[in-house]
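# Survey of secondary and tertiary structure
Now for the letters of each chain:
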Amino acid sequence: MDFADYPLPLIFVAGIVGILTASEIGRRFGLLSSRRSRENISTLEGSILGLLALMIGFTFAMALSGFEQRRGAVLNEANAISTATLRARLLPAPHSTECIKLLREYVQVRLDITQRVLPPKENTAAIVRSRAIQEALWQQAKAIAVKDNAVVPTGLFIQALNETFDRQEARHAVLLNRVPNMVLIALYGLAIVAGAFAGYAAGLDAQRSRLPIFTMGVLVSIVIFLIQDVDRPGPGLIAVSQQPMLDAAASIAAFAD
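Along each chain, residues carry numbers from 1 onward, in the same order as the chain's sequence is written. In view of the model being predicted, local features appear only for residues whose pLDDT reaches at least 70, and side-chain atom pairs are presented and counted only at 80 or more, with totals across whole chains, interfaces and linings using the full set of residues. Where side-chain values are given, they derive from all heavy atoms of the structure, hydrogens and water being excluded.

### Some points on the overall build of the chain
Summing up its helical and strand segments, the chain has 8 helices and 0 strands in all. Beginning at the N terminus, the succession of helices and strands in the chain can be written as α-α-α-α-α-α-α-α. Radius of gyration here is computed from C-alpha atoms only, and the compact-globule reference equals 2.2 Å multiplied by the residue count raised to the power 0.38. Whereas a compact globule of 257 residues would reach a radius of gyration of roughly 18 Å, the chain reaches 27 Å, over 25% beyond that. Once the C-alpha set of the chain is aligned to its principal axes, its extents read approximately 90 × 30 × 25 Å. Burial classes follow relative accessibility: with a 1.4 Å probe on protein chains only, a residue under 20% of its type's maximum area counts as buried, one over 50% as exposed, and anything between as partly exposed. The 257 residues of the chain split such that 41% are buried. Working rule for contacts: check all heavy atoms of both residues, and any pair within 4.5 Å makes them a contact. Looking at the chain alone, contacts between residues at least 24 apart form 85% of all its contacts between residues at least 6 apart. Summed over all atoms, the accessible surface of the chain reaches about 13,600 Å², with 64% contributed by carbon and sulfur. Here the chain contributes 24 positively and 21 negatively charged side chains, and the mean placements of these two sets differ by 5 Å. A run of DSSP states H or I qualifies as a helix once it reaches four residues; a run of E qualifies as a strand once it reaches two. Both are numbered from the N-terminal end. Here the open area of atoms and residues is found with the Shrake-Rupley method and a 1.4 Å probe, where only the protein chains shown may cover a residue. None of His or the chain ends enter the tally, which takes Lys and Arg as positive and Asp and Glu as negative. All charge positions are set by atom: Lys at NZ, Arg at CZ, Asp at CG, Glu at CD.

### Brief notes about the pattern of salt bridges
A pair is scored as a salt bridge if a Lys or Arg side-chain nitrogen falls within 4 Å of a carboxyl oxygen belonging to Asp or Glu. Per the stated rule, a full pass over the model turns up 8 salt bridges. In this structure, the salt-bridge partner of Arg171 is Glu77, at a minimum N-O distance of 2.7 Å. Placement of Arg171 in helix α5 (residues 151–175) and of Glu77 in helix α2 (residues 39–88) is noted, with a sequence separation of 94 residues between them. Neither residue differs from the other here; Arg171 and Glu77 are each classed as buried. Linking Glu105 and Arg129 is a salt bridge whose minimum nitrogen-to-oxygen distance equals 2.7 Å. Taken together, the positions of Glu105 in helix α3 (residues 95–115) and Arg129 in helix α4 (residues 120–147) put the pair 24 residues apart, joining distant regions of the chain.

### Examining the environment of Ala78
Considering the arrangement of structural elements, one finds Ala78 in helix α2. Distance in space between the C-alpha atoms of Ala78 and Val107 is 8.2 Å, their sequence separation being 29 residues. Ignoring sequence-local partners within four residues, the contact set of Ala78 consists of Pro244, Met245 and Ala248.

### Details of a nonpolar patch on the surface
Where nonpolar side chains cluster on the molecular surface, the patch consists of Val218, Leu219, Ile222, Leu226, Leu237 and Ile238 and spans about 480 Å² of accessible area. Mapped onto the fold, Leu219 is located in helix α7 (residues 211–231). Residues form patches when they are more than 30% accessible in relative terms and have no salt bridge. Like charges link within 9 Å. Nonpolar side chains (Val, Leu, Ile, Met, Phe, Trp, Tyr) link within 5 Å.

### Regarding the nonpolar core
If you look at the biggest cluster of nonpolar residues, it comprises 58 residues, and the most contacted ones within it are Leu52, Leu137 and Val220. Secondary structure elements with two or more residues in this core: α1 (8–32), α2, α3, α4, α5, α6 (181–204), α7 and α8 (243–254). The greatest single-element share of this core, amounting to 11 residues, is contributed by α2. When near neighbours in sequence (up to four residues on either side) are disregarded, Val220 contacts Ile19, Leu52, Ile56 and Ala191. Among buried residues, the Ala, Val, Leu, Ile, Met, Phe, Trp, Tyr and Cys ones that are joined through side-chain atoms within 4.5 Å form a nonpolar core.

### Thoughts on the packing of α3 against α8
Across the interface, α3 lies against α8 with an axial gap of 10 Å and an inter-helix angle of 155°. Taken as axis vectors, α3 and α8 run roughly antiparallel relative to one another. In this structure, α3 meets α8 at a crossing whose hand is left-handed. Contacts between α3 and α8 involve Ile100, Leu103, Arg104, Val107, Gln108, Arg110, Leu111 and Gln115 from the former and Met245, Leu246, Ala248, Ala249, Ile252 and Ala253 from the latter. Residue classes follow a fixed rule: Ala, Val, Leu, Ile, Met, Phe, Trp, Tyr, Cys and Pro count as nonpolar, while Asp, Glu, Lys and Arg count as charged, and any other residue, Gly among them, counts as polar. A class-by-class count of the residues in the contact of α3 with α8 yields 10 nonpolar, 2 polar and 2 charged. Axis geometry follows a simple rule: fit a line to the C-alpha atoms, using only the stretch in contact for helices, then measure angles between N-to-C directions, giving values from 0 to 180 degrees. By definition in this entry, angles of less than 35 degrees are roughly parallel, angles greater than 145 are roughly antiparallel, angles of 65 to 115 are roughly perpendicular, and the rest are oblique. For any helix crossing, the convention is left-handed if the near helix is rotated counterclockwise from the far helix by under a right angle, and right-handed if that rotation is clockwise.

### Brief notes about the side chain of Asp231
Structurally, the position occupied by Asp231 is in helix α7. Those residues in contact with Asp231 that lie beyond four places of it in its chain are Ala63, Arg70, Asn177, Arg178 and Val179.

### With respect to the environment of Leu51
Looking at where Leu51 falls in the secondary structure, it is placed in helix α2. Put simply, Leu51 and Ala191 are 140 residues apart on the chain and 9.6 Å apart in space, counted from C-alpha to C-alpha.

### Considering α7
Counted at 1.5 Å a residue, the expected span for α7 with its 21 residues is 30 Å, and the 30 Å between its end C-alpha atoms agrees. Those residues of α7 that sit buried are Ile213, Met216, Gly217, Val220, Ser221, Ile224, Phe225, Ile227, Gln228, Asp229, Val230 and Asp231. Take the number of residues in a helix, subtract one, and multiply by 1.5 Å to get its expected span.

### Here we look at the packing of aromatic side chains
Note on aromatic pairs: each is described by the distance of the centres and the angle between the planes. Side-chain rings of Phe, Tyr and Trp (the six-membered ring for Trp) are treated as a pair once their centres are within 6.5 Å; stacked means planes under 30 degrees apart, edge-to-face means over 60, and tilted covers the remaining angles. Applying the stated criterion across every chain, the model contains 2 aromatic pairs. With centroids separated by 5.3 Å and ring planes inclined at 55°, the aromatic side chains of Phe12 and Phe225 adopt a geometry described as tilted. Separated by 213 residues along the polypeptide, Phe12 in helix α1 and Phe225 in helix α7 bring together distant segments of the chain. For Phe12, a relative accessible area of 23% gives the class partly exposed. Here Phe225 falls in the buried class, since its relative accessible area comes to 14%.

### Quick look at α8
Because each turn of an α-helix spans 3.6 residues, side chains separated by three or four positions in sequence point in the same direction. The end-to-end C-alpha distance of α8 is 16 Å, a good match for the 16 Å that 12 residues give at a rise of 1.5 Å each. Burial in α8 covers these residues: Met245, Ala248, Ala249 and Ile252. Around the axis of α8, the buried residues are gathered within 100° of arc, so they sit on the same side. An arc is given here, and it is the one of the directions from the helix axis to the C-beta atoms.

### Some thoughts on the side chain of Gln228
Residue position: Gln228 is located in helix α7. Here Gln228 falls in the buried class, since its relative accessible area comes to 3%. Beyond its immediate stretch of four places on either side in the chain, Gln228 contacts Phe3, Leu8, Ile11, Leu184 and Tyr188.

See below:
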């Protein structure tokens, strides 16, 4: 089971249903065992809830770290593309015109990949296209170097081009840096167990209401939902801003060929 294959609203609803169902089953078992000692159950309930809180904090820290890396990767790639474009303007014609044209298309392709969730075939095609543009830019750099191998501006352009290529690969690597699937499975499993023990403890005490347990189940599901939303690189309630790439695309579009 891979959570990335399912939409987040479906996972959220399934999580709530699973936790609340477990708590209700636990409560019914508690009602059947109402004459037994409650001291050990209360201690165990507190321990499991504390472990769940620790697990949530640990998972949230992992997801937030990946989110910060993706945000930094967007800025770094946008800066690299902008620098390469500025240095391309220093190249002799007609190479400068062709390089700016390729970079203008390149930044749009990169935006299409990250601004919306593309189907697998379209995403693969976009990545292939971006690498084809990279190859075309590199051929331009080689042609310029044959004519003029001076450090300025040819060497600076090649350096900026290398940085642009490296930033794309670094960004792809960051997009794959996700919370491990087994961690999410363990988190949901622990939440269900905690809900079951909370329900069992409520069943032992006839005066305890279902409302606190149901509230806990819903809140835990919301927190886990937010963790997964932060962890996913695509659009969502909490998404990495693509404004640096948009600004880079706008500035490149304003350049004269």
